[in-house]
Amino acid sequence: MRLDLFRNETFEPRLSEAVCTALRRDVQQDGTYRLSTQGEADIVVSGVITKYRRMGVSYDPLDVITPRDFQVTIVAKITATERSTGRVIIDKEVGGRTTIQIGPDLASAERQAVPL
């Protein structure tokens, strides 16, 4: 299996690198497939990140405008293709979400949450 870098169609910078790194880690941890870094792979996985959304889910009781927790949602269109035949094995939209607690630095909290 070979993972191509996902194309990022959102305004969130460096999102494709974080998603691909997390996906590689999950594939290696699962062990069902072996990632190919050299040569030809049997299956090529590619994708397009289509949505990235951050919504406040809980707010400071003394300041109802300031969120304390965010829910981050990422949606991507994933395609897995057999290299030899060109047959598409998977072609669907998938999504994931996680909740992040905001500390003193929103950027670092979000950077840690994106791979989740």
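The structure displayed is predicted, hence computed values, not measured ones.

Peer 1: Even after reading the chapter, I still don't get the nonpolar core, so can you show me in this structure?
Peer 2: Among soluble globular proteins, nonpolar side chains are generally buried collectively. Leu15, Val45, Ile49 and Ile74 are the most contacted members of the largest nonpolar core, which has 21 residues in total. Of all elements in the fold, only helix H1 (15–30), strand E3 (43–60) and strand E4 (63–82) reach the threshold of two or more residues within this core. Looking at this core, the element that brings in the most residues is E4, giving six residues. Beyond its immediate sequence surroundings of up to four residues, valine 45 is in contact with Met1, Arg2, Leu3, Asp4, Ile78, Thr79 and Ala80.

Peer 1: Just to check I follow, could you spell out the pattern of salt bridges for this structure?
Peer 2: Close approach of charged atoms allows side chains with opposite charge to pair. Scanning all chains against the criterion turns up five salt bridges. Among the ionic pairs, glutamate 12 bridges to arginine 54, the shortest N-O distance being 3.9 Å. Residue glutamate 12 is located in the loop between strand E2 (7–8) and H1, and its partner arginine 54 is located in strand E3; the two are separated by 42 residues in the primary sequence. In this structure glutamate 12 comes out as partly exposed when scored by relative accessible area, which is 21%. According to the relative accessible area criterion, arginine 54 is partly exposed, its value standing at 35%.

Peer 1: Just to check I follow, could you spell out the side chain of serine 58 for this structure?
Peer 2: Note on placement: serine 58 falls in strand E3. Overall, serine 58 belongs to the buried group, its relative accessible area being 19%. A polar side-chain atom of serine 58 sits 2.6 Å from a polar atom in the side chain of aspartate 69. In this structure serine 58 touches Pro67, Arg68 and Asp69, once residues within four positions along its chain are discounted.

Criteria and thresholds
Residues numbered from 1 in each chain as written. Predicted model: local features only at pLDDT ≥ 70, side-chain atom pairs only at ≥ 80, totals over all residues. Heavy atoms only, no water. Core = buried A, V, L, I, M, F, W, Y, C linked by side-chain atoms within 4.5 Å. Buried < 20%, exposed > 50% of the residue type's maximum accessible area, 1.4 Å probe, protein only. Helix = DSSP H or I, 4+ residues; strand = E, 2+ residues; numbered from the N terminus. Contact = heavy atoms within 4.5 Å. Salt bridge = Lys/Arg side-chain N within 4 Å of Asp/Glu carboxyl O. Polar contact = N/O pair within 3.5 Å; in protein donor to acceptor, adjacent residues only side chain to side chain.

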